[in-house]
Amino acid sequence: MTVEKLRFGILGCGVIGPHHAKAIAGLQSAELVAVADVVPELAEELADEYGCAHFASLEEMFSGVDLDAVCVCTPSGIHAEGAITVLEAGKDVVIEKPVDITLRAADRLIEVQRATGRRVAVVSQHRFDAATQAVHEALTRGEFGRLTSGSAEVRWWRSQSYYDSGGWRGTWELDGGGVLINQAIHTIDLLQWLMGQVVEVTAHTGLLAHERIEVEDTAVAILKFTNGALGSIVATTAAYPGLTTRIAVHGDRGSAIIDNDELAYFHAAGERQEGEAYGAGGGENQAEEVMEQYGEGGAGPGAGADPGSLSMAHRDQIQDFVEAVSEGREPLVNLQEGRKPLAIIQGIYESARTGGPVRIEE
Ligand SMILES: NC(=O)c1ccc[n+]([C@@H]2O[C@H](COP(=O)([O-])OP(=O)(O)OC[C@H]3O[C@@H](n4cnc5c(N)ncnc54)[C@H](O)[C@@H]3O)[C@@H](O)[C@H]2O)c1
């Protein structure tokens, strides 16, 4: 029996567009039909690699080929604009992170999605990492007890040549900010997915190690979650030579640490009455045991210094999107989910500007 494949187009063939092409090519249930970029050579080069059609715009791509869905891989500040055109053409959309750079654009997109009834996924590929899934499932089962604190750390390095590699990078107009909205958004999304909704932030941002960008390269924030837990974010692209990302979640019955997308530490008290048994030394690390139940996953080390070294987690997220379309359900990271890290980041920018705490509205 032949299974119908979801026919994809890709809009934007820069750094991330080719990762979407590779992810789609790795799926039985999807096929890459066309790619488009305003720089025709980029579209042609990618099309040659995957044997598909190439175009110079979304409109030309729609006139030239029959598509079911489009991956929007253009600069962040024009995500909603591209995605709305796709939705209004009656097709489904995968949008690269961030959903867009303002909550107004995200909300407009949500309205159009509701009106058209199409499916939209926002990329947050690390939600599909085995380590993240393992910790999320443990938290859903309540294994860590009452959540008390959580932290996200992104200690990366991006050279000036990285920012110079695209006119939009490091600009308010098209990147929408710096390390928070471009790099740390992944880790911030995981922190809020694991810990629950953030209700208040207090933050500082700085531009400390780059001269020719407009936006922050370093940020720190203090968070309050709805469930009463407290948290923190340290994010920088100014930590030479580029170190790890770390997410830590703690409760009164367990803790987990994800380092560079891998489960570095996990301990849940389980049935044992051990709440008072340990001091600073912590309990036995159950990470290996926990991960035996999950497959391989994660970008592994490298993403800290090199934005091109991405995992095939994109493939898992696009697979989820394809299944969502065929099963008529919401993808794991739909527009409402994709809006959450953006709302936190906008709150951080506002707090850094005003100097006071900022409430995050859902
Ligand atoms: N999920 C991840 O890990 C990840 C990694 C890198 C980038 N991204 C996101 O992907 C997006 C693109 O980033 P990038 O690093 O690939 O940028 P890039 O500059 O390398 O690529 C963007 C491409 O879009 C093209 N483009 C611009 N306007 C266009 C238009 N109107 N129509 C068609 N093509 C157009 C540009 O010519 C360029 O080739 C950003 O939003 C970024 O945040 C996500």
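Up top is the structure these notes are about.
Residues numbered from 1 in each chain as written. Predicted model: local features only at pLDDT ≥ 70, side-chain atom pairs only at ≥ 80, totals over all residues. Heavy atoms only, no water.

Comments concerning the pattern of salt bridges
Where charged atoms from two side chains of opposite charge approach closely, those side chains can pair.
Okay, step 1: One pass over the full model with this rule turns up 19 salt bridges.
Okay, step 2: The shortest N-O distance in the salt bridge between Arg339 and Asp107 comes to 2.7 Å. Of this pair, Arg339 sits in helix α11 (residues 335-354) while Asp107 sits in helix α5 (residues 103-116), placing them 232 residues apart in sequence.
Okay, step 3: Exposure remark for Asp107: the relative accessible area of 30% places this residue in the partly exposed category.
Okay, step 4: Between Lys340 and Glu337 there is a salt bridge whose closest N-O contact spans 2.7 Å. On the criterion of helical spacing, the pair formed by Lys340 and Glu337 is a turn pair, its members being three residues apart in helix α11.
Okay, step 5: A relative accessible area of 25% means that Lys340 is categorised as partly exposed. (Salt bridge = Lys/Arg side-chain N within 4 Å of Asp/Glu carboxyl O. Helix = DSSP H or I, 4+ residues; strand = E, 2+ residues; numbered from the N terminus. Buried < 20%, exposed > 50% of the residue type's maximum accessible area, 1.4 Å probe, protein only.)

A look at the sheet that holds strand β7 (residues 147-155)
Okay, step 1: Spatially, eight strands are ordered β13-β12-β11-β7-β10-β9-β8-β14 in an open sheet, and the strand pairing comes out mixed. Sheet topology places β13 (262-268) and β14 (358-359) at the edges, where each strand pairs with a single neighbour.
Okay, step 2: Bridge count for strand β11 (residues 245-251) against strand β12 (residues 254-259) is five bridges, and the pairing is antiparallel. From the neighbouring strand, Ala248 faces β12, where its bridge partner is Ile257. (Pairing = 2+ DSSP bridges.)

Details of the sheet that holds strand β1 (residues 6-11)
Okay, step 1: Read from one edge of the open sheet, six strands run β3-β2-β1-β4-β5-β6, paired in parallel fashion. Of all strands in the sheet, those with a lone pairing partner are β3 (53-55) and β6 (120-122), marking the two edges. Strand-to-strand, the axes of this sheet are offset by a mean angle of 25 degrees, without reference to chain direction.
Okay, step 2: As paired strands, β1 and strand β2 (residues 30-36) are joined by six bridges and run parallel to one another. Paired with Arg7 across the bridge in β2 is Glu31.
Okay, step 3: Packing of helix α4 (residues 79-88) onto the sheet brings it into contact with β4 (69-72), β5 (92-95) and β6, and relative to β5 it is tilted by some 165 degrees. (Axes fitted to C-alpha atoms, helices over the stretch in contact; angles between N-to-C directions. Contact = heavy atoms within 4.5 Å.)

Comments concerning α4
Okay, step 1: Taking burial as the measure, the 10 residues of α4 include seven buried ones, the bulk of the element.
Okay, step 2: Along α4, the positions that sit buried rather than exposed are His79, Ala80, Gly82, Ala83, Ile84, Val86 and Leu87.
Okay, step 3: In the core, the buried residues of α4 are packed alongside α3 (58-64), β4, β5, α5 and β6.
Okay, step 4: Positive phi appears at Gly90, one or two residues downstream of α4, with a value of about 80 degrees.

Quick look at the site of the ligand
Okay, step 1: Neighbouring residues of the ligand: 24 residues in total, closest Ile16, Asp37, Ser76, Gln125 and Trp168.
Okay, step 2: At 2.9 Å from an oxygen atom of the ligand is found a main-chain nitrogen or oxygen belonging to Lys97.
Okay, step 3: His186 is positioned such that a nitrogen or oxygen atom in its side chain is 3.3 Å from an oxygen atom of the ligand.
Okay, step 4: Alone, the ligand offers 850 Å² of accessible surface; in the complex the protein occludes 86% of this. (Near = heavy atom within 4 Å. Polar contact = N/O pair within 3.5 Å; in protein donor to acceptor, adjacent residues only side chain to side chain. Areas by Shrake-Rupley, 256 points an atom, 1.4 Å probe, with all protein chains shown as cover.)

Here we look at unusual backbone geometry
Okay, step 1: With an omega of -10 degrees, the peptide bond between Lys97 and Pro98 qualifies as cis.
Okay, step 2: Cis geometry is found at the peptide bond from Tyr240 to Pro241, where omega equals 10 degrees.
Okay, step 3: Mapped onto the secondary structure, Pro241 falls in the loop between β10 (230-236) and β11.
Okay, step 4: Positioned with a positive phi, Asn260 is a non-glycine residue whose angle comes to about 50 degrees.

Looking at the side chain of Thr236
Okay, step 1: Tracing the chain through its elements places Thr236 in strand β10.
Okay, step 2: A residue is classified by how much of its surface remains accessible, and Thr236, at 9% relative accessible area, is buried.
Okay, step 3: A distance of 2.8 Å separates a polar side-chain atom of Thr236 from the backbone nitrogen of Ala238.
Okay, step 4: In this structure, Thr236 is in contact with Val154, Arg155, Trp156, Val179, Asp217 and Thr218, ignoring residues within four places of it in sequence.

What about the pairing of β11?
Okay, step 1: Among the seven residues that make up β11, five are buried, leaving the element largely enclosed by the rest of the structure.
Okay, step 2: When β7 meets β11, the two strands line up antiparallel, connected through seven bridges. Along β11, the bridge assignment pairs Val154 with Thr245.
Okay, step 3: Hairpin connection, β11 to β12: the antiparallel pair is bridged by two residues.

Things to note about the state of the cysteines
Okay, step 1: This structure, assessed with the given rule, holds zero disulfides.
Okay, step 2: Looking at Cys52, it has no disulfide partner, and the nearest cysteine sulfur is the one in Cys13, 8.2 Å off.
Okay, step 3: Classification of Cys52 as buried rests on a relative accessible area of 13%. (Disulfide = S-S within 2.5 Å.)

Note that all results are geometric; they support no functional claim without further evidence.
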